[in-house]
Amino acid sequence: MKINGQHYRTIWLAQDGWRVVVIDQTRLPFRFETVTLGSAEQAADAIRNMVVRGAPLIGATAAYGVALAMRADAADPALEAALALLAATRPTAVNLRWALERMRQALAPLPPPDRAAAAYAEAAAICDEDVALCRAIGEHGLPLIREIAARKPAGQPVNILTHCNAGWIATVDWGTALAPIYLAHDAGLPVHVWVDETRPRNQGAALTAYELGAHGVPHAVIVDNAGGHLMQRGQVDMVIVGTDRTTARGDVANKIGTYLKALAAHDNGVPFYVALPSPTIDWRLADGLADIPIEERAGREVSHVAGLAEDGEIRTVRVAAPGSAVANPAFDVTPARLVTGLITERGVCAASSEGLAGLFPDLAQG
Ligand SMILES: CSC[C@H]1O[C@H](OP(=O)(O)O)[C@H](O)[C@@H]1O
């Protein structure tokens, strides 16, 4: 999407044609800085440290991490080592496994001298496909917003709540949850977005607000605990969130706090949609609560917070009492029964085995 009028994807090749450039999301919204990755190890660090984050972008970055590895050493042991290194970076987003398995399938049959070029081509294809998938999610989600707008008094905005960041910055371009919102805004539909700040890393306040502001979409940042209150007072017309892994029966893993929003939406009759491209579907799992691995991140993410100090410097300060223990589960699982529908690149379906198999008969297993 655009930043100061200039179009960006979140990941691209450097001028030298082989290193990989990414936006440093730990510096947004206060600094727009990029990081140039020159090895699989640097790609792994970028994923692990959330320089890049968001399920589709994690997959894309890992794919280029394999390409960087193949440029250095394309022998079988090096391929296996790169795949293992990148697979171990973050456990919840299934796009990581999906991308690495796709790279393995593309590269393993090839003679080592052919692997680097093939790896870069496959990584580029993954990125181009993600852009198309996310744009299609926007197209299929737009009618949902249009339908609500038609029921509201003229000029009254459709109030949409979203959690964390599932915008273009979480993907290669367009985003998932935000893609329908961008298309609705561009189509002239009045929309307003309630942006959950999304503790502890504030992806909402820092990234979603940054994206929406850059695109001119009206929005307001709210504390995570305000969503239920707004729903009770009829100030939320729909919820759209992203996901890091959705099971074959429609259970949804997403940033911590999503489940609580789904409960509040269910209690208040607010439609709760999840936007996802098919690489985010884990066809091997049914029971998300039992089987989706939930990442536990460093306690410092909870005990400390980073922000822009009065002197214009980005600083980190402690917000929790010294000496207190900290727990930091990074995701939770929303059961399919709380999900109104899944917005995919092939259309909107029920959060169910039948719904997903109906849209993806070629991918559903069993
Ligand atoms: C389009 S995937 C966005 C998804 O990823 C985020 O997690 P993280 O920032 O830790 O990578 C969050 O769960 C978003 O909904």
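Only a predicted model underlies this, so the values are computations on that prediction, with no experimental measurement involved.

Draft legend 1. Layout of the nonpolar core. Counting residues in each nonpolar core, the largest one holds 79 residues, and the members touching the most others are V66, I145, I181 and I240. Looking at this core, the element that brings in the most residues is helix α5 (residues 112-151), giving 13 residues. If sequence neighbours within four positions are ignored, I145 has contacts with V158, I160, P180, I181, A184, L189, V191, M238 and I240. Of all hydrophobic cores here, the second largest spans 29 residues; its members include I222, A264, W283 and L356.

Draft legend 2. Up close: the sheet that holds strand β3 (residues 11-13). Here we have three strands laid out as an open sheet, ordered β3-β4-β5, and antiparallel in their pairing. Looking along the sheet, the strands with just one partner apiece sit at the ends: β3 and β5 (34-37). For this sheet the average axis-to-axis angle between neighbouring strands, irrespective of direction, equals 25°. Across four bridges, the pairing between strand β4 (residues 20-23) and β5 is antiparallel. Each bridged residue has a counterpart across the sheet, and for V22 the counterpart in β5 is V35.

Draft legend 3. Just the site of the ligand, in detail. Around the ligand there are 17 residues in total, and G54, R90, D244, N254 and K255 lie nearest to it. The separation between an oxygen atom of the ligand and a polar side-chain atom of N254 is 2.5 Å. Surface burial for the ligand is 100%, taken as the share of its 410 Å² of free accessible area covered by protein chains. Elements represented by at least two residues in the shell around the ligand include exactly α2 (55-72) and β11 (252-255). Counted by class, the shell around the ligand contains six nonpolar, seven polar and four charged residues. Both of domain 1 (2-129) and domain 2 (138-364) provide at least three residues apiece to the shell around the ligand.

Draft legend 4. Quick peek at the packing of helix α4 (residues 94-107) against α5. Two numbers describe how α4 lies on α5: the axes approach to 10 Å, and their chain directions differ by 140°. Of the possible angle classes, the one that applies to α4 and α5 is oblique. Between α4 and α5 lies a crossing whose hand is right-handed. On the side of α4, the interface is formed by W98, A99, R102, M103, A106 and L107, while α5 contributes R115, A118, A119, E122, A123, A125, I126 and E129. Counted by class, the contact of α4 with α5 contains ten nonpolar, no polar and four charged residues.

Rules used throughout
Residues numbered from 1 in each chain as written. Predicted model: local features only at pLDDT ≥ 70, side-chain atom pairs only at ≥ 80, totals over all residues. Heavy atoms only, no water. Core = buried A, V, L, I, M, F, W, Y, C linked by side-chain atoms within 4.5 Å. Buried < 20%, exposed > 50% of the residue type's maximum accessible area, 1.4 Å probe, protein only. Helix = DSSP H or I, 4+ residues; strand = E, 2+ residues; numbered from the N terminus. Contact = heavy atoms within 4.5 Å. Pairing = 2+ DSSP bridges. Axes fitted to C-alpha atoms, helices over the stretch in contact; angles between N-to-C directions. Near = heavy atom within 4 Å. Polar contact = N/O pair within 3.5 Å; in protein donor to acceptor, adjacent residues only side chain to side chain. Areas by Shrake-Rupley, 256 points an atom, 1.4 Å probe, with all protein chains shown as cover. Nonpolar A, V, L, I, M, F, W, Y, C, P; charged D, E, K, R; others polar. Domains from an automatic or database assignment. Parallel < 35°, antiparallel > 145°, perpendicular 65-115°, else oblique. Left-handed = near helix turned anticlockwise from the far one by under 90°.

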